[in-house]
Amino acid sequence: MNNSVSSTVRLIGAGLRALLVLTVICGVIYPLAVTGIAQALFNDKANGSEIKDKSGQVVGSSLIGQSYNLPKKDPNDAEEAARPDLKWFQPRPSNGLGANSVNTQYSLILSGATNRSADNGAVGGKCTKDAEEGTLCAQVVAAKEAVIADNSTAGYTVKPEDVPADAVTSSGSGLDPDISPEYAKLQVHRVAEQNKLDVKQVEKLVADHTTGRTLGFMGEPRVNVLELNIALKALTKS
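Criteria and thresholds
- Numbers given for residues are sequential positions, taken from 1 along each chain in its written order.
- This being a predicted model, a pLDDT of at least 70 is required before a residue's local features are given, and a value of 80 or more before pairs of side-chain atoms are given or counted; all residues contribute to the totals for chains, interfaces and linings.
- Neither water nor hydrogens contribute to the side-chain values; these are computed over all heavy atoms in the structure.
- Here a strand is any run of E in DSSP of at least two residues, a helix any run of H or I of at least four, and the numbering for each starts at the N terminus.
- We compute the radius of gyration from the C-alpha atoms alone; for a globule the expected value is 2.2 Å times N to the 0.38, where N is the number of residues.
- Relative accessibility decides the category of a residue: with a 1.4 Å probe and only protein chains considered, values under 20% of the type maximum give buried, values over 50% give exposed, and everything between is partly exposed.
- Pairs of residues are marked as contacts when any of their non-hydrogen atoms sit within 4.5 Å.
- Computed by Shrake-Rupley with a 1.4 Å probe, the accessible areas treat only the displayed protein chains as cover when residues are assessed.
- The charge count treats Lys and Arg as positive and Asp and Glu as negative. His and the chain ends do not count.
- In plain terms, the charge of a residue is placed at NZ if it is Lys, CZ if Arg, CG if Asp and CD if Glu.
- Count a disulfide wherever a pair of cysteine sulfur atoms falls within 2.5 Å.
- In this text, buried Ala, Val, Leu, Ile, Met, Phe, Trp, Tyr and Cys residues form a nonpolar core when linked through side-chain atoms within 4.5 Å.
- The criterion for an aromatic pair is that two Phe, Tyr or Trp rings (for Trp, the six-membered ring) have centres within 6.5 Å, with stacked assigned to planes under 30 degrees apart, edge-to-face to planes over 60 apart and tilted to the rest.
- At least two bridges found by DSSP between two strands are what make those strands a pair.
- Fitted lines through C-alpha atoms serve as axes, helices being fitted only where they are in contact, and the angles separating the N-to-C directions of these axes extend from 0 to 180 degrees.

1. As for the overall build of the protein
A tally of regular secondary structure across the protein gives 7 helices and 5 strands. In terms of C-alpha radius of gyration, the protein reaches 25 Å, well past the compact-globule figure of 18 Å for 238 residues. Across its three principal directions, the C-alpha atoms of the protein cover 95 × 50 × 45 Å. Each of the 238 residues in the protein was classed as buried or not, and the buried ones make up 28%. Residue pairs at least 24 apart in sequence account for 52% of intrachain contacts in the protein once pairs closer than 6 positions are excluded. Carbon and sulfur atoms provide 58% of the accessible area of the protein, an area that totals close to 15300 Å². Taking the 24 positively charged and 26 negatively charged side chains of the protein as two groups, their mean positions are separated by 7 Å.

Following this line, the structure appears as structure tokens:
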């Protein structure tokens, strides 16, 4: 009996010591070591890939998209549709880029995809104006019409075939910070007109903020909308 009690006490003591040691290693030493290495070698990424303006103020993250909409006519109307502020480059359409009372540029709780199939609402295998309301095809058709109307200017008309896919579809997360160079270039004339800038100035801005494929073969060329709009803001004030 005494031997059994003694063995049990030893086992409990060994278990408690193992718990204490593993808690210190896994709960204190390891997290501190990983945090230290991340801060030393990847400081920018470890702190959220923050983007700062010329004054040094953090204005967002290069990993999360932002919306550029005009203020609501009725702030209390939750059903009022967002109206894009056309003086800025616009991101991909997304329900994940909403607004809230804390930070009007973010609404992370809305992150997510539509989960609709690519032919949702298609008529005869194509997305047409006859697509049922509320389907993906209906959203794509409406978005395409808006892109053409918003970006056509007195001296530049957007052709339907020039509208890239990312201009009318959201990303899987709904928070994609990037657009394709094609979509950025499509917006150049409108941005130049709205800000009273020369088209070539804005074209250069887009070219300067176009990032190629990672390592030359991974992903697609892209333009970070937030970084581009920060540069646009600086250009309009210069």
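2. Details of the state of the cysteines
All told, the structure shown has 1 disulfide when counted by the stated rule. Paired by a disulfide, C127 and C137 hold their sulfur atoms 2.0 Å apart. Residues C127 and C137 are joined by a disulfide whose S-S torsion is about -55°; by sign, that bridge is left-handed. Placement of C127 in the loop between β2 (58–61) and α3 (136–151) and of C137 in helix α3 is noted, with a sequence separation of 10 residues between them. Judged by its relative accessible area of 39%, C127 falls in the partly exposed class. Given the relative accessible area of 0%, C137 is considered buried.

3. Side note on the nonpolar core
Ranked by size, the top nonpolar core spans 29 residues in total, and within it F89, V163, V202 and L232 carry the most contacts. No other element matches helix α7 (residues 225–237), which puts 5 residues into this core. For V163, the residues in contact, after removing those within four places along its chain, are K144, V147, I148, V158, V168 and L186.

4. Some thoughts on the packing of aromatic side chains
Summed over all chains, the structure comprises 1 aromatic pair. Here Y68 and W88 contribute two aromatic rings whose centre-to-centre distance is 6.3 Å and whose plane-to-plane angle is 40°, an arrangement assigned as tilted. With Y68 in the loop between β2 and α3 and W88 in the loop between β2 and α3, the pair connects residues that are 20 residues apart, well separated along the chain. According to the relative accessible area criterion, Y68 is buried, its value standing at 10%. Using a relative accessible area of 18% as the deciding quantity, one classes W88 as buried.

5. Some points on the environment of P221
Position of P221 relative to the elements: it lies in the loop between β4 (210–211) and β5 (222–224). In this structure P221 comes out as partly exposed when scored by relative accessible area, which is 29%. Distance from P221 to T210, taken between C-alpha atoms, is 6.8 Å for residues 11 residues apart in sequence. Excluding its chain neighbours within four sequence positions, the residues that come into contact with P221 are S180, P181, T211, G212 and R213.

6. Digging into the environment of V163
Looking at the element boundaries, V163 is found in the loop between α3 and β3 (178–179). For the pair formed by V163 and E145, sequence separation is 18 residues and the distance between their alpha carbons is 9.7 Å.

7. Remarks on the sheet that holds β3
Pairing in this open sheet of 3 strands is antiparallel, and the strands run β3-β5-β4 from one edge to the other. Edge positions in the sheet fall to β3 and β4, since each has one partner strand and no second. Pairing of β3 with β5 involves 2 bridges; the strand directions are antiparallel. Within the sheet, the bridge partner assigned to I179 lies in β5 and is V223. Its contacts with the sheet place α7 against β3 and β5, and it is angled at close to 60° to β5.

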